[in-house]
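Coordinate analysis (summary)
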Amino acid sequence: MKLEINVVFIRDKVLKKIISAEQAAKLIKDNSTIMVGGFLSCGAPDKILDALSEQKIKNLTMICNDTSFQNADKGKLIKNSLVKKVITTHIGTNPITGEKMHSGELEVEFYPMGTLVEKIHAKGSGLGGVLTPTGIGTVLEEGKKIVEIKNKKYIFEEPLGADFALIYGTKVDKYGNVKFEGTTRNFNTSMATAADTVIVQADEIVDCLNPDEVVIPGIFIDYIVERGEN
């Protein structure tokens, strides 16, 4: 009987806090760096981003695969001038990003997709950085440290982390374990390991996932937001 009480106590201690999208948005302050999951709108935490786009936040740095579309999820943050700098792989689907970049209103730092995700992996894994041959002989190597190994040159890329990671999960249990369906996992899995505070938006919150379903362990998750029907 004593053992059962101890087990219940431990399980209660690891339950994650379930908050609204509005409460999640209010955790983020001016000048924060945020990582945002999703490939375009696939696997993007849209409700959290909708709530954040309505806040009077200033000077955000956003790390993301793309800036989505001008009236959707990540694109709304750009449209509403909440972001001062975006670190990304492409912006072609959102003309407003390009307009703000050319006018000088928005700083855009580009990386090849593989390089960006490996920089995030490096932060999440506690590594000092990564070496990549991608970009050698191009503008991508300008200002970077070049390392030569066995007569082959590599660009040294530093780890990339954030204050907050805003990610998505198809199903999330009350302990923060995350399941994905299809291609929705994309950047979400890497970003969950590389931020000080991780907030996951769930299509559905369940009591406990089957261990075989878990892609992101709950140890990485701080808060859960349920998307809801609308």
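Let me sum up the structure you'll find in this document. Keep in mind that this is a model prediction, so the values were computed, not measured.

Reading the values: rules and limits
Residues numbered from 1 in each chain as written. Predicted model: local features only at pLDDT ≥ 70, side-chain atom pairs only at ≥ 80, totals over all residues. Heavy atoms only, no water. Core = buried A, V, L, I, M, F, W, Y, C linked by side-chain atoms within 4.5 Å. Buried < 20%, exposed > 50% of the residue type's maximum accessible area, 1.4 Å probe, protein only. Helix = DSSP H or I, 4+ residues; strand = E, 2+ residues; numbered from the N terminus. Contact = heavy atoms within 4.5 Å. Salt bridge = Lys/Arg side-chain N within 4 Å of Asp/Glu carboxyl O. Disulfide = S-S within 2.5 Å. Pairing = 2+ DSSP bridges.

Right, let's get into the nonpolar core. Counting 28 residues, the largest nonpolar core has I34, L52, L60, M62, L77, V83 and L166 as its most contacted members. At the level of elements, α2 (21-26), β2 (33-36), α3 (46-53), β3 (60-64), α4 (73-79), β4 (83-88) and β9 (162-173) are the ones that each hand at least two residues to this core. Residue contributions to this core peak at four residues, all from α3. Each residue touching L52, except ones within four places of it in the same chain, is listed here: A25, I28, I34, I57, L60, L77, L82 and L166. M35, Y111, I167 and F180 belong to the second-largest nonpolar core, a separate cluster that totals 27 residues.

What follows covers the pattern of salt bridges. Following the criterion strictly, the structure yields ten salt bridges and no others. Across the pair D50 and K76 runs a salt bridge whose closest N-O atoms are separated by 2.9 Å. Here D50 is found in helix α3, whereas its partner K76 is found in helix α4, with 26 residues between them in sequence. Salt-bridge contacts for K100 lead to E105; the nearest nitrogen and oxygen are separated by 2.8 Å. Residue K100 is classed as buried on the basis of its relative accessible area of 11%. Of the residues examined, E105 reaches a relative accessible area of 45% and is grouped as partly exposed. Through salt bridges with shared partners, one network takes in K85, E107 and E109.

By the criterion of burial, α3 is predominantly enclosed, with seven of the eight residues buried. Those residues of α3 lying buried are D46, I48, L49, D50, A51, L52 and S53.

Time to look at the state of the cysteines. One covalent bond between the sulfur atoms of two cysteine residues makes up a disulfide. On inspection of all chains with the given rule, the structure shows zero disulfides. Here C42 stays free of any disulfide, with the sulfur of C64 as its closest cysteine sulfur at 15 Å. The buried category is assigned to C64, whose relative accessible area is 0%.

Pairing geometry for strand β1 (residues 17-19) and strand β12 (residues 223-226), over three bridges, is parallel. By the bridge assignment for β12, K17 is matched with Y223. For strand β11 (residues 195-206) and β12, the ladder comprises four bridges, and the chain directions are parallel. Following the sheet pairing, I199 is matched in β12 by Y223.

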